[in-house]
Amino acid sequence: MPLSRCFSAGARALIFSFLCVFAFAKPIDREAVVARHAVKVTSVDPESPLSVGNGDFAFTVDVTGLQTFEKRYHAEGIPLETLSTWAWHEFPNVDNLTLDDASTTYNFHGRPVKFAGKQNSPAGKYFRENPHPIALGQISLWYQGKLVTEADLAAIDQQLDLWTGVVRSTYMLAGQPVTVETAAHATRSTVGVRIESPLVASGALEVRFRFPYSYKFSTRNKPPFQWEKADAHRTTIARSGKNFAELARSLDTSGYFARVEWAGAGQLSEVAPHTFRLAANGEKALAFTCDFTPKASDDKNALTFADVKKSSERGWRDYWTKGGIVDFAGSTDPRANELERRTILSLYLVKVNYAGDMPPGEDGLTNITWFGKHHSEMYYWHTSHFYQWGRVELLEKSFAWYKKILPVGKMEAKAQGFDGVRWPKMSGIDGRTGPGSINPFIIWNQPNPIALSELIYRAKPNRETLDNYREVVEESAKFLASFAALDPKTNRYVLGPPIKNVSEKSGQNETQNPTFELAYWYYGLQVAQTWRERLGLKREPLWDDILKRLTPLPQKDGLYLEIETFPDMYAKEGGVPTSMLMILGFMPKIDIVDTEVVRRTFAEVNRRNGADRWASWATGQAAMTAAHLGETEHAVSILTNPNKVSRFMNNGHVRRPKEPEDCPAYLPVNVSLLSAVALMAGGWDGAPAGNAPGFPKEGWVVRSEGLAKLP
């Protein structure tokens, strides 16, 4: 007999509460949570390659366990890349171009300022492309002297064990079984592979190593490898021994090494320029590693496949057992399992792609987007979740790069007549700004380092943290203060023109006082003043004056506008922008934000746009706003949107709606979801009391460990 007929509603609620108390008393079985979302692939699927990596290195494979089907995966899905955070390349600057050649002078409140906005000029094109990441190399499967084809394979069964970071691929090839294990070292740019098959012993199955010159940047995103220019780079065997060969790579002024180490009686031979073949020579299995390094390797540090696999297992076990986790087991809401899947797969992907020394590009180390450069306006999204999920050390790891490029940013600010540091919007490892019609006018990247420093302090509230990041906070705030201009007509501080707001759609000369940017400016200066007080310093009078006289957040008819200079955004029916909603959720509640106005604005946006149109990183943005407003059912609906534009693919990646073919692994979606789930499960300052304040009470059993509250 159904439970509903045996007990009253009150009794059922009491039983449910008892079961929840019993469940919450036990620690979460983290391995079980992770294991139930292992990724399985049973056919050649260009949307579902699998990556192994550690944040500074990633190796992405197809169903062969290697990178065999390059053309189809690049054309239809996610490319098969080998990328690191440390290997970068520049094409020769034969015309001696400078950033000044890509610049135009604009009127900034009565004085001339140069912005590098000529992206289609020769200099603009050059500095957008350069520097760019190096394609470290391709490792693929050869059968009888030729590349394995899709038609050669049968009975494909591939699985990514998320708990260990190991990909196990099994299939039939020419009627014979093949098993391939693929793993990446936890701290080094090393991939380990073991291939077992009768075809290995017979010599029919081998491995090919191939190295391209660079990329063909006919497009900024998902560029193909440049195989044709064999004379433009060099690949030589610098050293070799019984079980290893070290390849030296030279590309213009860049260089690196790839050390191939194998077990048994294997042999590496050069078969064509930049192409090498590894054969097992009678062994029943071919186990090897490929260690990519900026300098020549040390024989004492050579790695076997077993070393790499053990390192991967230890590294991932450490990752999963420390920090935060959520468990939705026991929930009756049918969306719970999908949300848990999206969360666990996102936690895996951000460790592979976003946990390195260099702030990531939009597609991380999975795919080249915007020439592989870092977009600093997205950096808060990219790393704040590490704080929320109890892994602030991974936030600090890439944040150290901001300290390194501080001198570059200070020079940029000074050249434009501003104080402090102006952080580059789009840049490579050198911190040099990338020209663009949008890039130099974006400003919401500037408070990000202040907000992130505050999160680090919340996790580590001590003097060491203050001293470590005080210069980043101070110099960032100096820029915020010098960029805010006092308008003599209104006696208010204004932002712009020329600027671009979050949505990037309005003309830079027509954009003034965007709502989110005003609020973020206020929060940045407010936090910077608090840091001065923590350090025993006096408050900056100018900063306080800006806090008092900053333009109020623009409204019309009781709704927040996106931009003050576009007051008619609600005049016609139809879709509207959403960035003004970031003032609550993405940001903590600050005193210049009216929650009820946000509530009305959120309702109007949903009425016009439709709740199912939340897509890309706006899913996390909207869910966080909904949670702050107490609209928990709405928050869950947004995060589990089943529409095509919000689809989390088998491997956890999501295509970018605007450019689905060119951005097939758009990780800002994953990180925004992680931020929202952590906020909803772990809470925020001032959140309603009780467990998981951002989730509905009906149908949801939300257990969490190790989450940190947002401000």
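Treat the numbers as computed from the prediction; the structure is a model and nothing was measured.

Here the protein chain averages 95 in pLDDT, while 97% of its residues score no lower than 70. Segment residues 1-6: pLDDT under 50, and 3 contacts once partners within four positions in sequence are set aside and those in other chains are kept.

We now examine the sheet that holds strand β12 (residues 166-173). Taking strand neighbours across the sheet as the criterion, the 9 strands line up as β1-β11-β12-β13-β14-β23-β20-β19-β18 in an open arrangement whose pairing is antiparallel. The sheet is open, and its two borders are formed by β1 (39-41) and β18 (233-241), each paired with just one other strand. The sheet shows a mean angle of 15° between the axes of neighbouring strands, direction not considered. As paired elements, strand β19 (residues 244-251) and strand β20 (residues 254-262) share 8 bridges and run antiparallel to each other. Looking across to β20, one finds that Ala248 is bridged to Phe257. Its contacts with the sheet put helix α7 (residues 305-321) on β12, β13 (176-184), β14 (190-196) and β23 (285-293), and the angle it makes with β13 is roughly 60°.

Here we come to helix α14 (residues 515-534). The first and last C-alpha atoms of α14 sit 29 Å apart over 20 residues, in line with the 28 Å expected at 1.5 Å per residue. In terms of burial, α14 is a largely internal element, 16 of the 20 residues being buried. Remark: Gly536 follows α14 within two positions and exhibits a positive phi of approximately 80°.

This paragraph deals with the environment of Ser579. Take Ser579: it is sitting in the loop between β30 (559-560) and α16 (595-609). Residues Ser579 and Pro424 lie 155 residues apart in sequence; the distance between their C-alpha atoms is 21 Å. Aside from chain neighbours lying at most four places away, what touches Ser579 is Asn501, Val502, Phe516 and Glu562.

Right, let's talk about the packing of aromatic side chains for a bit. Under the defined criterion, the tally for this structure stands at 43 aromatic pairs. By the ring-pair criterion, three or more aromatic residues cluster together here, those being Phe91, Tyr213, Tyr215, Phe217, Phe225, Trp227 and Phe371. Seen from the ring of Phe418, Arg111 lies directly overhead, with NZ or CZ sitting 4.7 Å from the centre. It is Arg210 that lies over the ring of Trp227; its NZ or CZ is 3.8 Å from the centre.

Attention shifts here to the side chain of Asn670. Tracing the chain through its elements places Asn670 in helix α19 (residues 668-682). On the basis of relative accessibility, which here comes to 0%, the residue Asn670 falls in the buried class. A distance of 3.0 Å separates the side chain of Asn670 from the side chain of Ser346, its partner in a polar contact. Side-chain polar atoms of Asn670 contact the backbone oxygen of Gly652, separated by 2.9 Å. If near-sequence neighbours (up to four positions away) are discounted, Asn670 is found in contact with Ser346, Leu349, Phe648 and Gly652.

What counts and what doesn't
Residues numbered from 1 in each chain as written. Predicted model: local features only at pLDDT ≥ 70, side-chain atom pairs only at ≥ 80, totals over all residues. Heavy atoms only, no water. pLDDT = per-residue confidence, 0-100. Contact = heavy atoms within 4.5 Å. Pairing = 2+ DSSP bridges. Helix = DSSP H or I, 4+ residues; strand = E, 2+ residues; numbered from the N terminus. Axes fitted to C-alpha atoms, helices over the stretch in contact; angles between N-to-C directions. Expected span 1.5 Å × (residues − 1). Buried < 20%, exposed > 50% of the residue type's maximum accessible area, 1.4 Å probe, protein only. Phe/Tyr/Trp six-rings, centres within 6.5 Å; stacked < 30°, edge-to-face > 60°. Lys NZ or Arg CZ within 6 Å of the ring centre and 35° of its normal. Polar contact = N/O pair within 3.5 Å; in protein donor to acceptor, adjacent residues only side chain to side chain.

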